[in-house]
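Secondary and tertiary structure notes
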Amino acid sequence: MAKATTLKEALNKWEEKNGEKANEAKEVKLYGLIPPIEKMDNSLNALGLCEKLSLATNAIEKIANLNALKNLKILSLSRNNIKSLVGLESVGDTLVELWISYNLVDKLKGISSLHKLKVLYMSNNLVKEWAEFVRLADLPSLVDLVFNGNPLQEKHATEGSWMDEASKRLPNLKKLDGIPIIKEVDE
């Protein structure tokens, strides 16, 4: 099997292709590499000005080394092998969108550090318990959540109670699984 692409190699290829220095870029897309990236290493330190980073469709197992990304607003880690959201703390004051669908996340520990998160796309993960889902209530700015394809959602969607239960537990949501939430106004 081919050895993984390192982040340093991926950034070098990105610079050649885009004719731009990674350390000056606001948006960097390193998705779907062959062979894939397996580790978020300290090469990410070069991306201090980056606002949008995509590492989707790789083989990353652990979120790490985001400390230098002081301007990061959008992070896409969809279609990897990530099991935990731990490692996002250093971008908690800047990140407004997290795309983490099609991973192996079953617990939402670490999510509460994302104080400004507005959009969370985490469909097709492994979250089974309301106790984990309720951790999202610690994110008062979260208004758009895609959660379909998780065992918790699938179970309650079959029962017909998903939208009502989820929107009760997250009263600030405006959109759930792509559907606007319409709340009755008390008179």
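Residues numbered from 1 in each chain as written. Predicted model: local features only at pLDDT ≥ 70, side-chain atom pairs only at ≥ 80, totals over all residues. Heavy atoms only, no water.

Points about the layout of surface pockets
- Of the pockets and cavities examined, the largest pocket occupies roughly 190 Å³.
- In terms of lining, the largest pocket is formed by M163, D164, S167, K168, P180, I181, I182 and K183.
- Among the elements that make up the lining of the largest pocket, the one with the highest residue count is helix α4 (residues 162-169) (4 residues).
- In terms of residue class, the lining of the largest pocket is made up of 4 nonpolar, 1 polar and 3 charged.
- Reported here for the second largest pocket is a volume of approximately 150 Å³. (1 Å grid on protein atoms, 1.4 Å probe; cavity = no way out; pocket = protein on both sides within 12 Å on 5 of 7 lines; lining within 4 Å. Points joined across faces, edges and corners; volume = space filled by probe spheres on them. Helix = DSSP H or I, 4+ residues; strand = E, 2+ residues; numbered from the N terminus. Nonpolar A, V, L, I, M, F, W, Y, C, P; charged D, E, K, R; others polar.)

Considerations on the packing of aromatic side chains
- The full count for this structure, using the stated rule, is 6 aromatic pairs.
- Their ring planes at 20° and their centres at 5.6 Å tell us that W130 and W162 sit as a pair that is stacked. Of this pair, W130 sits in helix α2 (residues 130-133) while W162 is found in helix α4, placing the two residues 32 residues apart along the sequence.
- The exposure class of W130 is buried, given its relative accessible area of 15%.
- Relative to F147, the ring of F133 has its centre 5.0 Å away and its plane inclined at 85°; by these criteria the two rings are edge-to-face. (Phe/Tyr/Trp six-rings, centres within 6.5 Å; stacked < 30°, edge-to-face > 60°. Buried < 20%, exposed > 50% of the residue type's maximum accessible area, 1.4 Å probe, protein only.)

A short note on helix α1 (residues 7-18)
- Along its 12 residues, α1 runs 16 Å from first to last C-alpha, staying within 8% of the 16 Å computed at 1.5 Å per residue.
- Those residues of α1 lying buried are L7, A10, L11 and W14. The buried residues of α1 all sit within an arc of 100° when viewed along its axis, so they share a single face. What points out from α1, more than 90 degrees from its buried face, is the exposed set K8 and E16. (Expected span 1.5 Å × (residues − 1). Arc of directions from axis to C-beta.)

So, α4
- Those residues of α4 that sit buried are W162, A166 and S167. Across the axial projection of α4, the buried residues extend over an arc of 110°, all falling on one side. More than 90 degrees from the buried face of α4, the exposed residues found are D164 and K168.
- Looking at the buried side of α4, the elements it contacts are α2, α3 (151-159) and β7 (175-176). (Contact = heavy atoms within 4.5 Å.)

Notes on the domain arrangement of the protein chain
- Segmenting the protein chain into domains produces domain 1 (1-79) and domain 2 (82-186).
- Put simply, the middle of domain 1 and the middle of domain 2, counted by C-alpha atoms, are 25 Å apart.
- The interface is formed by 17 residues belonging to domain 1 together with 19 residues belonging to domain 2.
- Summed over both sides, the interface between domain 1 and domain 2 buries roughly 1,500 Å², with carbon and sulfur atoms accounting for 56% of that surface.
- Of all residues in domain 1, I63, L75 and R79 bury the most surface against domain 2, accounting for 35% of the area lost on that side.
- On inspection of domain 1 and its partner domain 2, the count reaches 0 salt bridges.
- Where domain 1 touches domain 2, the interface holds 14 residue pairs in polar contact (both at pLDDT 80 or more). (Domains from an automatic or database assignment. Buried area = accessible area lost by both parts, 1.4 Å probe. Salt bridge = Lys/Arg side-chain N within 4 Å of Asp/Glu carboxyl O. Polar contact = N/O pair within 3.5 Å; in protein donor to acceptor, adjacent residues only side chain to side chain.)

A short note on the pattern of salt bridges
- On inspection of all chains with the given rule, the structure shows 6 salt bridges.
- Measuring nitrogen to oxygen at the nearest pair gives 3.4 Å for the salt bridge that ties E9 to K3.
- A residue is classified by how much of its surface remains accessible, and K3, at 58% relative accessible area, is exposed.
- A salt bridge links E165 to R169; the shortest N-O distance between them is 3.1 Å. On the criterion of helical spacing, the pair formed by E165 and R169 is a turn pair, its members being 4 residues apart in helix α4.
- For R169, a relative accessible area of 29% corresponds to the partly exposed category.

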